[in-house]
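Chain by chain, the residues:
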Amino acid sequence: MIDWVSLPLEPLEAIFRQLNYKDRLSCALVCHKWNQALFECPSLAHSIVFSIDTARTEQLQPIIARSDRNYRQLAIGLRGPWTEDLVECLDQAVQRWNIRFVSLVGEPDKVRSCLISKSSFFSSLTELNLEFTLTRTWPAIDILEVELSQLKKMHYLQVYTGARQTFTLFRFILPKAEEISLVLDSLANEEAMYWEDPLIELFGCGNLRSLEIDLNGTMWQKFFAIDKPYMERLVIRRAIDEYQNRDWNVEFSKMPNLRHVEFTFSNNEMLASLNRNCKKIEKLHLNGFCLDDGNFVSSMQFPFLRSLHMDGWANGSLFSNELSLRLDNLEELTWKYVELAPIQGIFKIITPNVKRLTLRGCEYARFEIDVGYRLTSLDMDYYGVQIVAPNFLDHLVHLNNLTLHISGRSCKLASKMHHLHNIKRLEIVCSTEIHGYDCNTLFESVCQNLVYLEEFVLRNEHENQLIVDYKKYSQLSQLSQLKKLTLQYITIENVTGEMTLKNVPHFNVWGCTTSEGHNTSRARMLEM
């Protein structure tokens, strides 16, 4: 019998990493050694939060005084007033624990009081999560300047529940900041999305490497005016129209070492300026775009590009004077809902080294792709306008992971299965059709050709009837390597024998039924 208490710290840490937050706390109560393993291992202790509710200060003081744990993270909910008792409570926590990450949530006046009273404490933090909730009009006051000299990571969320714009309240000086995320949100009205400024300003971020922002502010004129030579990651989640029309040539010239860029609602000039100034791009995500000046191919000449994600959100327009784009170093490509201009004609992408490919919502009659011979993972739809897709499935000999979104018209796929005999994981997602349909031909082809299949998922996107005949279903026994089988909202008709598959250790059903003549039984399926 294993003596779990006597296990060394290393295996205990490996076990605890697999547990969720609540289970870790329960384990910390078992014995001193388990408590030590959880709170002295930085990667584990960092995920365990001690919450301070300012409305319950009296209850917290004796708990902190008796605690033997070494918390790294505090979550401070600023519901009540900021009092001397609360200052003493926080002082006590700082003295006992190795606090490096603090989360502050509350209205700006309470956050202000907190930052003023504990400025020396906050200056030692390495991570700060700041969430402002605003429930009333804020009076005009002087800007509070706060220097967080050791801070490396900052996340800022500004939630408005009022209806009036508020002026800047805080100026943060962050000389060592490396990762910053700033999100503006509104719970009241759409106009708040376009307020010019958040409640904070940022200065001294010369070491910044990663930035996620909503571009709704004039503050970014000053922020981007400074060279950012270390910046490698830029995510722009949302930009007002006025900001999209800025001089992006100037903006990107100050960030020459960008490697990972994500845009939401990008335009021609944003992409062209990025290409002119940032030749080290390895990962590019464009979500929602209007690229209609004909220069798409020339703007995509990034020599180190390895991952390209193009999601037009059902209306992303694209027009290119050049009819083909070659991306030799690309390893991952997502091409979703890209709407080619009516005058575009056929557009072709050549990616000889791509390994992972996602194709959704593409009009394959006008869009072609040459994927080479290295593709290992493919996620694509095959119905409607996609039914005339090029026959690139025919030579994908290295493909081992395939996800297909099909309809009743997708029977042509059955003849393609013999080209895909190395598939180990197959997921078939059946689209909605009013009267349902059967997938017997495709099911039979899978069982006969994919002899190395280890996982098979067949699921109906909705609850419409999807039919598989029992004789076809029984052919699953031919797949000797099959370890996982998942069926969702499938009806197996004409059942005449056993339904169990003893060679499949993991068998999951959801909303499935069996049919014997005119009788349909959900119970029979669940017994498997």
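One can find the structure itself at the top, above this paragraph.
The rules we used
- Residues numbered from 1 in each chain as written.
- Predicted model: local features only at pLDDT ≥ 70, side-chain atom pairs only at ≥ 80, totals over all residues.
- Heavy atoms only, no water.
- Helix = DSSP H or I, 4+ residues; strand = E, 2+ residues; numbered from the N terminus.
- Buried < 20%, exposed > 50% of the residue type's maximum accessible area, 1.4 Å probe, protein only.
- Contact = heavy atoms within 4.5 Å.
- Areas by Shrake-Rupley, 256 points an atom, 1.4 Å probe, with all protein chains shown as cover.
- Pairing = 2+ DSSP bridges.
- Axes fitted to C-alpha atoms, helices over the stretch in contact; angles between N-to-C directions.
- Salt bridge = Lys/Arg side-chain N within 4 Å of Asp/Glu carboxyl O.
- Arc of directions from axis to C-beta.

*Asks:* Where do I start with the overall build of the protein chain in this structure?
*Replies:* When helices and strands are counted, the protein chain shows 16 helices and 30 strands. Out of the 528 residues in the protein chain, the part that is buried amounts to 50%. By sequence separation, contacts in the protein chain at least 24 residues apart represent 63% of the contacts at least 6 residues apart. When the accessible area of the protein chain is evaluated, it comes to approximately 24800 Å², of which 49% is carbon and sulfur surface.

*Asks:* How should I be thinking about the sheet that holds strand 15 (residues 324-326) in this particular structure?
*Replies:* Strand pairing in a sheet relies on backbone hydrogen bonds, with the paired strands running either antiparallel or parallel. One open sheet holds the 3 strands; their spatial order is 15-17-19, and the pairing between them is parallel. Because the sheet does not close on itself, it has two edges, and the strands there are strand 15 and strand 19 (367-370). For this sheet, the mean inter-axis angle between neighbouring strands, taken without regard to orientation, is 15 degrees. With 4 bridges joining them, strand 17 (residues 347-350) and strand 19 adopt parallel strand pairing. Along strand 19, the bridge assignment pairs Lys348 with Glu368.

*Asks:* I tried to follow the pattern of salt bridges on my own but got confused; where do I start?
*Replies:* Charged atoms that come close allow side chains of opposite charge to pair. Using the criterion set out here, one finds 18 salt bridges in the structure. For Glu232, the salt bridge identified is with Arg259, shortest N-O distance 3.9 Å. A residue pair is termed long-range when its members are at least 10 positions apart, and Glu232 in the loop between helix 9 (219-224) and strand 11 (233-239) and Arg259 in the loop between helix 11 (248-253) and strand 12 (260-267) qualify at 27 residues. A relative accessible area of 33% means that Glu232 is categorised as partly exposed. Salt bridges linked by common partners bring Arg425, Glu427, Glu455 and Arg459 together as one network.

*Asks:* What exactly am I supposed to notice about helix 7 (residues 108-117) here?
*Replies:* One full turn of an α-helix is made of 3.6 residues, so residues set three or four places apart face in the same direction. Along helix 7, the residues classified as buried are Pro108, Val111, Arg112, Cys114 and Leu115. Burial along helix 7 is one-sided: seen end-on, the buried residues are contained in an arc of 165 degrees.

*Asks:* I tried to follow the sheet that holds strand 9 (residues 200-203) on my own but got confused; where do I start?
*Replies:* If you walk across this open sheet you meet the 3 strands as 5-7-9, and the pairing is parallel. Where the open sheet ends on each side, the last strands, each with one partner, are strand 5 (144-147) and strand 9. Put simply, the sheet's adjacent strands are angled 20 degrees from each other on average, direction ignored. Here 4 bridges tie strand 5 to strand 7 (residues 170-173), and the two strands are oriented parallel to one another. Across the sheet, residue Leu144 finds its bridge partner in strand 7, namely Phe170. Seen against the sheet, helix 7 touches strand 5 and strand 7 and runs at an angle of roughly 40 degrees to strand 7.

Fair warning: the whole summary comes from geometry, so function is off the table for now.
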